[in-house]
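These are the residues of each chain, in order.
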Amino acid sequence: MIDNLEYNTEREHLIIPEYGRHMQKMINHAKAIESKEERNKLAKAIISVMGNMQPHLRDVPDFQHKLWDQLFIMSNFELDVDSPYEKPTKELFEERPDPLKYPQNFPKYRFYGNNIKTMIDVANTWEEGELKEALTFTIANHMKKCFLNWNKDTVEDPVIYDHLFELSGGRINLKNSEEALSDASSLMRSKSKFSGSKKGHHKKSSNRQRKRY
């Protein structure tokens, strides 16, 4: 009796584990059938069982197409049956997608993030006036906060002004401004206060949920 036990380490590798080992055995059995007519019947029965095992996908477009593709993948593309869809190839399945390029508008100052560059581009389109001036100082203060997240010590306002001038293509120049940005301690303190309030809110919500049950 012990000699007939099967261990997972000795069993065949499951190509799509979600369907289980019995489904894989059914597909292997279908591959071994000599009559193509019988293989077609069994393949349709297997597709029906696979569909019942994943009812949450029934509303997905091309649901049947996906099942037939999975059937051929689990058979290692060796099952010779008539499919209502084009049979996928092993070469296409194993083909690796092209690597995606990470979107980076200005990689020189990555600690500012892409949103800062987007805000600067928007500010460049605004007409000169009080609104644009308020926006540029808001951007500069946010840049200072981002810089402090990267460098915890301190940063002088002229450094932020130089970076803003460079990132805006020379169209936003605050180098001669007499108005100072927010000091580093207030920027970091506001961040800590906001983080603490979020944690407190989460804790209160959790307490309320515990009281309900």
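Everything in this summary refers to the structure shown in the same document. (Residues numbered from 1 in each chain as written. Predicted model: local features only at pLDDT ≥ 70, side-chain atom pairs only at ≥ 80, totals over all residues. Heavy atoms only, no water.)

1. Looking at the side chain of arginine 39
Next, step 1: Looking at where arginine 39 falls in the secondary structure, it is placed in helix 2 (residues 36-53).
Next, step 2: Relative accessible area serves as the criterion here: at 9%, arginine 39 is assigned to the buried category.
Next, step 3: Here the side chain of arginine 39 touches isoleucine 33 through a polar contact of 2.8 Å, landing on its backbone oxygen.
Next, step 4: Setting aside anything within four residues of it in sequence, one finds arginine 39 in contact with Ala30, Ile33, Glu34, Leu79, Asp80 and Val81. (Helix = DSSP H or I, 4+ residues; strand = E, 2+ residues; numbered from the N terminus. Buried < 20%, exposed > 50% of the residue type's maximum accessible area, 1.4 Å probe, protein only. Polar contact = N/O pair within 3.5 Å; in protein donor to acceptor, adjacent residues only side chain to side chain. Contact = heavy atoms within 4.5 Å.)

2. Re the side chain of histidine 163
Next, step 1: Secondary-structure assignment places histidine 163 in helix 7 (residues 157-167).
Next, step 2: Judged by its relative accessible area of 11%, histidine 163 falls in the buried class.
Next, step 3: With sequence-adjacent residues up to four places away left out, histidine 163 is seen in contact with Tyr109, Phe111, Tyr112, Met143 and Phe147.

3. Some details on helix 3 (residues 63-74)
Next, step 1: For helix 3, which comprises 12 residues, the first-to-last C-alpha distance of 17 Å matches the rise-based estimate of 16 Å (1.5 Å per residue) to within 8%.
Next, step 2: Those residues of helix 3 lying buried are Phe63, Leu67, Trp68, Gln70, Leu71, Phe72, Ile73 and Met74.
Next, step 3: On its buried face, helix 3 is in contact with helix 1 (20-32), helix 2 and helix 4 (90-94).
Next, step 4: Taken from the residues just after helix 3, asparagine 76 is the one with a positive phi, measuring 60 degrees. (Expected span 1.5 Å × (residues − 1).)

4. Some points on the environment of tyrosine 85
Next, step 1: Mapped onto the elements of the fold, tyrosine 85 is located in the loop between helix 3 and helix 4.
Next, step 2: Assessed through its relative accessible area of 32%, tyrosine 85 is described here as partly exposed.
Next, step 3: Sequence separation of tyrosine 85 and glutamine 64 is 21 residues, and the distance between their C-alpha atoms is 9.0 Å.
Next, step 4: Residue contacts for tyrosine 85: discarding those within four places in its chain leaves Gln64, His65 and Trp68.

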